[in-house]
Amino acid sequence: MSRQSVAKAHQKIQELSWEPLYHEPVAQYGTDYTFKKAQKKDPLKQVLRSYFPMQEEKDHRVYGAADGAIRGNMFRQVQERWLEWQKLFLSIIPLPEISAARAMPLLFRNVPNPELHNGQAIQMIDEVRHSTIQQNLKRLYMNNYIDPAGFNNSLRNFQNDYCGSIGRQFAEGFITGDAITAASIYLTIVAETAFTNTLFVAMPAEAAANGDYLLPTVFHSVQSDESRHISNGYATLLMALADEGNHQLLERDLRYAWWNNHRVVDAAIGTFIEYGTKDRRPDRESYAEMWRRWIYDDYYRSYLVPLEKYGLVIPHDLIEESWNQIWNKGYVHEVAQFFATGWLANYWRIDPMTDKDFEWFEGKYPGWYNKYGKWWENYNRLSTPNGHHPIVFEDVDYVYPHRCWTCMVPCLVREDMVMDEVDGQVRTYCHEACRWTDAVAFRPEYEGRSTPNMGKLIGKREWETLYHGWNWADVVQDMGYVRDDGKTLVAQPHLNLDPKKMWTLDHLRRCPPLQSPNVLLNEMSPAERQAFHADYVKQGPAGRPAPKD
Amino acid sequence: MTTTPERSVPKPVFTDAEAGAKEFPDSNARRFNYYTPAKRKQTHYEDVTVEVQPDPRHYLAQGWLYGFADGRGGYPLEWTALKAWGSDRPVPERGPGSGGKGYEWPAHGWHEFRDPNEEWELSFYRYNANVERQVNQNIDSARQQKAFEQWNPNWVRFVESHVGAWMHVNHGLGLYLFANANRRGPTNMHNTAMAVNSMHRIRSAQDLALYNLTLSEEITGFDGGAHLVAWNSDPCWQGVREVAEGLTGIDDWCEAIFAANIVFEPLVGELFRSQLVQQAAPRNGDFVTPTVMGAEEFDYAERDLAYSVALFDLLTKDREFADHNKALMNGWLSNWTPRCIAAARKLQPLWSQPDAKPPRFEDGLDRAKSRFAAILADLGLDIPKELTQ
């Protein structure tokens, strides 16, 4: 058996599938796509006989490296700034991974290609691998890194924190709504094919530069599975393109999936890579440079554009706009500044940027200091408690932003903020593309076409709503972000672990109450709202108030 | 004199960021504190699986964010009719000023389930890679020893058609029942166990298919396509096929797992594998097929049945819904038991096909029924009347 060629073995296992004679398999997930003209090919050609030993060997390498890291005292050389951001990242990522496993059954009944089902089943178990191997990495960090707070409460934190909710789209988007929109276009065509490059290739390089060689070990092992998943997505996409009636839906879904991935992944990974590193060599690639290479060139130009000849309508405008957001409008910097502004609602520590950081940012993003430098100097000044409030309550030329109803990242590029009344509620959106996603795309009718299987945006999408009117000490206690002395916060705006320098519930007790921007917006009269909007779009950059007329 | 420019590489920095370097609040809090372990100490398995899949009844403050067209998101408890304690508690209403808290963990009894096999990726790949290695070595060894030459002609026909036909059962259930179920369960522990179960079945299906391919290459006249004829049109297999297809048509994920692992496998799967193939093969000169089938038998008997019993045992002993659950499971038994026994009886002609006969069909079926009855007794369920007929 072992001498048989992979091609022969793969051909043989095609005999396994059968068409039902007596009962149809249950159909639990719907799609508005059709696959009447589709050709049926499985590009994966993976058989379990070779798959299991291969994965076991990859595991040997990962766990060998983990043992080596501990024996070699890796944590004596790990940058705390880096590991602190891993408290956020590793609280998020196991759910998207396991959600990708859960997404595969959405395709079984909707993609009529038994050959592909084999690949989807292997992807399912790959994703179980990724989720648990990442949980295991987090467990190792918790056990061996100096500050376990934030790792030890990770999955509770992730579930009740606004950053977790932003990240959760990168999981729930895979498993609900139209089966093809979710499990194929959003998951495999955009998230895995485009954005895992920054997640699992660019970020590990930065980890290594910060003394952490375990994250690259785990995530490169994960990424080596992704190429198979990309093949699954590509095969499904080609099948979908064969039916012309799908082209309108593909255009809609690529626009939604691209923009949402950009908003969510670039916000998070961009921040980790630019603000979570201590590697400030002038020739170290910036996130913008990585994005241009991995996403713009490798994905957009090499993968998407060639599909145009098959009839795929590519959202060129949104891809260029994403670059515009990253390069010209400071999207990543605005997000990092917001995370730091709201440090007290987090479960990791964010230290101030230093002169060395300033110099690097200025070199990579000319004009950075004029926009963000002063604010970070204030952040540094206000980082240890000394009779003042956390920075969000102090006058540092920063207006607390409204949240985008769709992507849930705040509306940080102020000039792009859009306001609309949708489903009887006045909502703010970070960009017209996000308004379109909520008001146009996620609806049971799209451009006059019935789309009964399209999903819905649900949930309490503005985190601040839940705590409207609450004292901040009660908010943090309610979320459980307090250390084992019962008063010291998990989050800190610095890396000093001297208890006398750490913020406590007592400091927050004295702060003004939390106000929900959306609740306040809906309490305004229409005229007040128009004035609010006119002022908001004149704010920024770096959250500055609108210039006085 | 030329100098080599210094390479631009990150420099190692001593940070002393290892555990124990300083004392401060939480400096020794090195365990996941968001769940209660099933036993005294948290296990590695629990640490990497528990709570990865969120639940709006406890920590998921903002609720599910993306829903199906009917507005339901996540993993609705109503996807099975069975209930664990707390299932009827509504999702906490959250709104302006409500705060984010839900019920205390675990909020309901579904979160008490643990896979007794403690499967996660490390254990899963080790186990299955070992199985593949062993199966391959057994077949290679048999080939080198020309062991297939000892098979009598009727046994060759039996293996090509009937051992081959079983691969289709594994494939269909693996994909369309077990893999499908991994989207349906209310916790990560359920869904991971079912995903692992699905891969056992798909692996076994492929093991049989590739074994069939080897036999086509090794035995002159071995018909590698006979399994398709058996599965598609042999009357002996149509009962099994009808039930297997019916199993993939079940909407309720608990009923699907129950009907497959508690009813179908003991009455049909083990009957075919253990009471027929494993018994007949050695008498017909075949010591290889039992090692391939035996791997699958171990998957079921030692692992997949174990998690299924743990899953349903919790529900038949549930502090709030034990009677409700037992009534439903008894209803499932009265539906699936006669169908599985009828399918088993349609297999009966296979017992007379090998030259060297296995023990009688009725004896095998009695053993299968006894095994089935013992599983039901452990779960506190009624013995269906069909067992005594």
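This text goes with the structure placed above it.
Residues numbered from 1 in each chain as written. Chains lettered and ligands numbered in written order. Predicted model: local features only at pLDDT ≥ 70, side-chain atom pairs only at ≥ 80, totals over all residues. Heavy atoms only, no water.

### Regarding the packing of aromatic side chains
Residue and element names in this part refer to chain A.
Then comes step 1: Evaluated as defined, the whole model comprises 73 aromatic pairs over all chains.
Then comes step 2: Seen in terms of ring centroids, tryptophan 291 and tryptophan 323 are 5.9 Å apart; in terms of plane orientation they differ by 25 degrees. Their pairing is stacked. Of the two residues, tryptophan 291 sits in helix α11 (residues 287–304) while tryptophan 323 sits in helix α12 (residues 316–327), which places them 32 residues apart along the sequence. A single burial state applies to tryptophan 291 and to tryptophan 323, both of which are buried. (Phe/Tyr/Trp six-rings, centres within 6.5 Å; stacked < 30°, edge-to-face > 60°. Helix = DSSP H or I, 4+ residues; strand = E, 2+ residues; numbered from the N terminus. Buried < 20%, exposed > 50% of the residue type's maximum accessible area, 1.4 Å probe, protein only.)

### Comments concerning the pairing of strand β2 (residues 425–429) of chain A
Residues and elements named next belong to chain A.
Then comes step 1: Of all five residues that make up β2, four are buried, and the element is covered over most of its length.
Then comes step 2: Across five bridges, strand β1 (residues 418–422) lies against β2 in antiparallel orientation. Bridge pairing links valine 422 to glutamine 425 in β2.
Then comes step 3: Once β1 ends, the chain turns through two residues before running back antiparallel as β2, passing aspartate 423 with a positive phi of about 50 degrees. (Pairing = 2+ DSSP bridges.)

### A closer look at the pattern of salt bridges
Then comes step 1: Summed over all chains, the structure comprises 68 salt bridges over all chains.
Then comes step 2: Ionic pairing is found between arginine 133 of chain B and glutamate 56 of chain A, a salt bridge with its closest N-O pair at 3.0 Å. Residue arginine 133 of chain B is located in helix α2 (residues 121–144), and its partner glutamate 56 of chain A is located in helix α2 (residues 48–71); the two belong to separate chains.
Then comes step 3: Given a relative accessible area of 31%, arginine 133 of chain B falls into the partly exposed group.
Then comes step 4: Two residues, arginine 371 of chain B and glutamate 270 of chain B, come together in a salt bridge whose shortest N-O distance is 2.7 Å. Pair noted here: arginine 371 of chain B is in helix α10 (residues 361–379) and glutamate 270 of chain B is in helix α7 (residues 253–283), with a separation of 101 residues, a long-range link.
Then comes step 5: What makes arginine 371 of chain B partly exposed here is its relative accessible area of 30%.
Then comes step 6: Connected through salt bridges with shared partners, the residues Lys58, Asp59, Asp126, Arg129, Asp225 and Arg228 of chain A together with Glu121 of chain B form a single ionic network. (Salt bridge = Lys/Arg side-chain N within 4 Å of Asp/Glu carboxyl O.)

### Considering the environment of proline 541 of chain A
All names here are of chain A.
Then comes step 1: Among the structural elements, proline 541 can be located in the segment after α21 (526–536).
Then comes step 2: Judged by relative accessible area, which is 33%, proline 541 ranks as partly exposed.
Then comes step 3: Along the primary structure proline 541 and asparagine 246 are separated by 295 residues, whereas in three dimensions their C-alpha atoms are 41 Å apart.
Then comes step 4: Filtering out sequence-adjacent residues up to four positions away, proline 541 remains in contact with Glu334 and Lys371. (Contact = heavy atoms within 4.5 Å.)

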